Amino acid sequence: MKLCMVGTGYVGLVSGACFAETGQDVICADVDEDKIAALNAGRIPIFEPGLDAIVSRCVAGGRLRFTTDVAAAVREATAVFIAVGTPPRADGGADLAAVDAVAQVVAEHAEREVVLVLKSTVPVGTNARVRRLVREARHRVHVVSNPEFLKEGDAVSDFLRPDRVVIGCDEDDTFAHEMMSRLYHPVCLDRDRMVWMDPASAELTKYVANTMLAMRISFMNEVALLCERVGADVHAVRFGVGSDARIGAKFLYAGPGYGGSCFPKDVKALVHTAREHGMELELAATTDRVNDRQKGVVFRKLRQHFEDGLRAKRVGVWGVSFKPRTDDIRDSSSLTLIDALLAEGAEVLAHDPEAGAHVRDRYGDRVTLVEDAYEAARDADALCLMTEWREYQNPSFERLAELMRRPVLIDGRNIWSSYGLRAMGFAYDGIGVRGS
Ligand SMILES: NC(=O)c1ccc[n+]([C@@H]2O[C@H](COP(=O)([O-])OP(=O)(O)OC[C@H]3O[C@@H](n4cnc5c(N)ncnc54)[C@H](O)[C@@H]3O)[C@@H](O)[C@H]2O)c1
């Protein structure tokens, strides 16, 4: 079986490499020439733990190739995966231009009966839309929905040991059924993780999963604000609530709002889909609004420490990626903070273990990017912790106290709340926590 992965980004590269790791013959295609040139030169264009070893092993083994010639890659394939971006449009709906473009290439260039798999996150109805686009192809194209649930930072293990593999496929389509079963068999050896359903349900499942997780985060962010009003501690509430087996402990952390390339756009897209069908998805719409407000929380807290405003104040920012273990800064809450600081006339010094190149691309010399985290605190009037990278978890606060002009710490992730920082002379603020 020859597999073609179209779109070689966070999802496409991980999925293509992991399929190659399980023995498939994979060609990854992308229109981004720089990305493909980097991959062909042995460089991985994203930071994702464990990915480089798999890519180099599979390339050396001849099972993984990269190309910008999408049509040629499609011509040799028996399964074509679409893993291109589906960014938000201004109205909140998903932009399907890249998905359509790939479907068009498949319609024109497939040289055999082929399974076309929608791995990108796409609104309900996209499977049906793609079927219409490939109707005139010379050979039969079986269109299957297979939304991806991997998490950046753990993408390789999520792909190779998934909680579940959701496949939306016509019940009577034995050709597609067999091919998808064979492809995912190696990651389902210990137990059957494949969840079969109709394509519309598979498409919706992805949005509902992301929106439900986003909702938990937004609810806890609101609870954190309430904790501050009533003198409670969100850590304690989280432990108390999360130990209920019906609720579970995950995605209950208060913080500076969720970011990344998925939750914000997927919540908006689900709301948009519902509106297109004449209904208001109240909880999802509120989740989106709560998150927009929460993204400004660190800036608002910071401002309270400076009666004369933040103009010409020097502010360090630790962490720009939207979460640890990735270099992805798309829709990160750190960007909201940095934008607000710059708009106010503050000087910003930023540190991130992996996202530096993206920070430079976005801000150029408007933000001073430092190599050593402590340099972001030198002569700073405040330091804001935005991403809970491991190296920020237990810094030398004595050193920070020496370096900083004013000892103001805003802990956007509540990772320093138990360290007794106020007793050390810091002005400390977390999100809904009583400690430090
Ligand atoms: N990033 C995640 O954690 C994640 C997780 C699950 C699902 N998803 C979904 O997967 C999809 C891809 O996300 P991503 O984060 O990998 O995006 P990405 O931006 O990292 O990668 C998309 C790639 O598609 C390429 N591309 C665009 N148009 C193309 C075309 N016509 N032909 C060939 N290549 C083309 C781009 O150059 C880019 O390299 C999105 O729908 C996203 O919502 C993402």
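Keep in mind it's a predicted model, so treat the numbers as computed, not measured.

Caption draft 1: Focus on the overall build of the chain. The number of helices and strands found in the chain is 16 helices and 14 strands. Relative to the globule expectation of 22 Å for 436 residues, the C-alpha radius of gyration of the chain, 23 Å, shows essentially globular dimensions. Oriented by its inertia axes, the alpha-carbon framework of the chain measures out at about 70 × 50 × 40 Å. The 436 residues of the chain split such that 47% are buried. Relative to all contacts within the chain whose residues are 6 or more apart in sequence, the contacts with residues 24 or more apart total 71%.

Caption draft 2: Here's a closer look at helix H13 (residues 297-304). Those residues of H13 that fall on the buried side of the exposure criterion are Val297, Val298, Phe299, Lys301 and Leu302. The secondary structure elements touched by the buried residues of H13 are helix H12 (282-294), helix H14 (333-343), strand E12 (382-385), strand E13 (408-411) and strand E14 (427-429).

Caption draft 3: Expanded view of the domain arrangement of the chain. By domain assignment, the chain separates into domain 1 (2-197), domain 2 (206-294) and domain 3 (297-429). Here domain 2 and domain 3 have C-alpha centroids that lie 24 Å from each other. Of the residues lining the interface, 10 residues belong to domain 2; the matching set on domain 3 comes to 14 residues. Its residues assigned to classes, the side of domain 2 that touches domain 3 comprises 3 nonpolar, 7 polar and no charged.

Caption draft 4: A look at the site of the ligand. Taken together, 27 residues sit near the ligand, with Gly7, Gly9, Val11, Ala98 and Ser120 positioned nearest. Mapped onto the shell around the ligand, the elements with two or more residues apiece are helix H1 (10-21) and helix H5 (97-109). For the shell around the ligand, the class distribution of residues is 13 nonpolar, 9 polar and 5 charged.

Caption draft 5: A look at the nonpolar core. In terms of nonpolar packing, the biggest core is built from 124 residues, with Val6, Val80, Val317 and Cys384 touching the most fellow members. With 9 residues, helix H9 (residues 199-230) is the single largest residue contributor to this core. Those residues within four positions of valine 317 in sequence are excluded, and the remaining contacts are Ser334, Leu337, Ile338, Val348, Ala350, Ala376, Cys384 and Met386.

Caption draft 6: Layout of H9. Taking 1.5 Å of rise per residue, 32 residues should cover 46 Å, and H9 covers 47 Å from first to last C-alpha, within 8% of that figure. Just beyond H9, the residue with positive phi is glycine 231, at close to 80 degrees.

Caption draft 7: Layout of the sheet that holds strand E10 (residues 347-351). What the 6 strands build is an open sheet, ordered E11-E10-E9-E12-E13-E14; its pairing is parallel. One side of each edge strand has no neighbouring strand; the edge strands of this open sheet are strand E11 (368-369) and E14. In terms of strand pairing, E13 meets E14 through 3 bridges, oriented parallel. In the strand pairing of E14, isoleucine 410 is matched with aspartate 429.

Caption draft 8: A look at the packing of H9 against helix H11 (residues 263-276). With their axes 9 Å apart at the nearest point, H9 and H11 run at an angle of 115 degrees to one another. On the basis of the axis angle, H9 is roughly perpendicular to H11. Crossing angle aside, the handedness with which H9 passes H11 is left-handed. Contacts between H9 and H11 involve Tyr207, Asn210, Thr211 and Ala214 on the former and, on the latter, Phe263, Asp266, Val267, Ala269 and Leu270. Looking at the contact of H9 with H11 residue by residue, the classes come out as 6 nonpolar, 2 polar and 1 charged.

Analysis parameters
- For every chain, the first residue of the written sequence is number 1, and numbering continues from 1 onward in sequence order.
- Note on the predicted model: pLDDT of at least 70 is required for a residue's local features to be given, and 80 or more for side-chain atom pairs to be given and counted; whole-chain, interface and lining totals, by contrast, use all residues.
- Secondary structure counts use DSSP, requiring at least four H or I residues in a row for a helix and at least two E residues in a row for a strand, with both numbered from the N terminus.
- In this setup the radius of gyration rests on C-alpha atoms only. A globule is expected at 2.2 Å times the number of residues raised to 0.38.
- As a rule, residues whose C-beta atom has 12 or fewer other C-beta atoms within 10 Å are exposed, those with 20 or more are buried, and those in between are partly exposed; C-beta atoms are placed from the backbone.
- By definition, residue pairs are in contact when their C-beta atoms, positioned from the backbone, come within 7 Å.
- What fixes the domain bounds is an automatic or database domain assignment.
- Following the grouping adopted for this structure description, the nonpolar residues are Ala, Val, Leu, Ile, Met, Phe, Trp, Tyr, Cys and Pro, the charged ones are Asp, Glu, Lys and Arg, and the polar ones are all others, Gly among them.
- Nearness is defined per residue: the C-beta atom, placed using the backbone, must lie within 6 Å of the molecule or strand.
- For the purposes of this analysis, a nonpolar core is taken to be any set of buried Ala, Val, Leu, Ile, Met, Phe, Trp, Tyr and Cys residues that are connected through C-beta atoms within 7 Å.
- The span you would expect from a helix comes to 1.5 Å times its residue count less one.
- One bridge is not enough; two strands pair if DSSP finds at least two bridges between them.
- The axes used here are C-alpha line fits, helices contributing only the stretch in contact, and every angle between their N-to-C directions lies in the interval 0 to 180 degrees.
- Relative orientations are named as follows: roughly parallel for angles under 35 degrees, roughly antiparallel for angles over 145 degrees, roughly perpendicular for angles from 65 to 115 degrees, and oblique for any other angle.
- Note on convention: the crossing is left-handed when the near helix lies turned anticlockwise from the far helix by less than a right angle, right-handed when the turn is clockwise.

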